[in-house]
Amino acid sequence: MTGYKRVLLKLSGEVFGGGKVGVDPDVVQGIAREIAAVAQSGVQVAIVTGGGNFFRGAELQQRGMDRVRADYMGMLGIVMNCLALQDFLEKLGIDTRVQTAITMGQVAEPYIPRRAIRHMEKGRVVIFGAGMGMPFFSTDTVAVQRALESRCDVVLFDKNGVDGIYTADPKVDPTATRIEQITFDEAIERGLRIMDQTAFTLARENKLPLIVFGLGEPGSILRAVQGERIGTLVTA
Ligand code: UDP
């Protein structure tokens, strides 16, 4: 069992809201406990959070808003998730830094990749907020980009309720089974849509391993970073 030294965890926005709009402090506290256990085990941790519990630009566009402005609202929503997570991590004694792609000096550091690496080397958990700072991107893509730039060994994608990649949609096809390991090329051949195409392509081109898993089971993040086969591992 080989563990990872530096990991990036992508948390979907939905998980912060516990299924509702906004942030559910109890849920965030639970996630913070899981992350604290990983940091305390000596693994360096970076996090990218989504913002779907507040706004998704594409959804607001469908309801008549300008896409660019709506995407900026999406990015601002993400920051609230970051601050909530930071709060609960710090309460557990974990040093954290939030770095945002949109500068907001009163609440977070600006995104400075080399400083982020330094924080992680010092044992601080770095939370990257406000997405890429650019409309038309998803936080899945941000997760892969930040992981590459801060030299993480793997990206763990929480897929909110689904515990990995399945041979078919398990909600539709009862015979669907979870895939333990797959290559990027096999996933394409089998037509499996794992995440948005930009994120998938960026990871594939740079041979960045991904673990797709669900937060459902307590301790699953720690077990995954320690090398236990949790969810689905996607490799080059
Ligand atoms: N967003 C953006 N650029 C980015 C990242 C996010 O414009 O680099 C916006 C976009 O509107 C997106 C929203 O922020 O819908 C929330 O992010 P996402 O949908 O990826 O969150 P998740 O689905 O993971 O909760």
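Structural data are supplied above this passage.
Because the structure is a prediction, the values reported are computed rather than measured.

Novice: Now, about the nonpolar core: what can you tell me, with residues and values included?
Specialist: Membership of the largest hydrophobic core comes to 71 residues, with the highest contact counts inside it found for I35, V45, I47, L85, V155, L156 and I211. Residues in contact with I211, not counting those within four places in the same chain, are V154, L156, F157, A224, I230, G231 and L233.

Novice: Describe the site of the ligand, listing the residues and the values that go with them.
Specialist: Taken together, 21 residues are adjacent to the ligand, and G13, G50, G57, G74 and G131 come closest. Contributing elements (two or more residues each) for the shell around the ligand: α1 (13-17), α3 (57-62), α4 (67-91) and α6 (139-149). Ranked by residues supplied to the shell around the ligand, first place goes to α4 with four residues. Of the residues contributing to the shell around the ligand, the split by class is eight nonpolar, ten polar and three charged.

Novice: Got a sec to walk through the packing of α6 against helix α8 (residues 197-205)? Specific residues and values, please.
Specialist: Describing two packed helices takes the angle between their axes plus the distance from one axis to the other. Their axes nearest at 7 Å, the elements α6 and α8 cross at an angle of 20°. On the basis of the axis angle, α6 is roughly parallel to α8. The crossing of α6 and α8 is left-handed. Here D140, T141, A143, V144 and Q145 of α6 lie close against α8, whose contacting residues are T198, A199, L202 and A203.

Thresholds applied
Residues numbered from 1 in each chain as written. Predicted model: local features only at pLDDT ≥ 70, side-chain atom pairs only at ≥ 80, totals over all residues. Core = buried A, V, L, I, M, F, W, Y, C linked by C-beta atoms within 7 Å. Buried ≥ 20, exposed ≤ 12 C-beta atoms within 10 Å, placed from the backbone. Contact = placed C-beta atoms within 7 Å. Near = placed C-beta within 6 Å. Helix = DSSP H or I, 4+ residues; strand = E, 2+ residues; numbered from the N terminus. Nonpolar A, V, L, I, M, F, W, Y, C, P; charged D, E, K, R; others polar. Axes fitted to C-alpha atoms, helices over the stretch in contact; angles between N-to-C directions. Parallel < 35°, antiparallel > 145°, perpendicular 65-115°, else oblique. Left-handed = near helix turned anticlockwise from the far one by under 90°.

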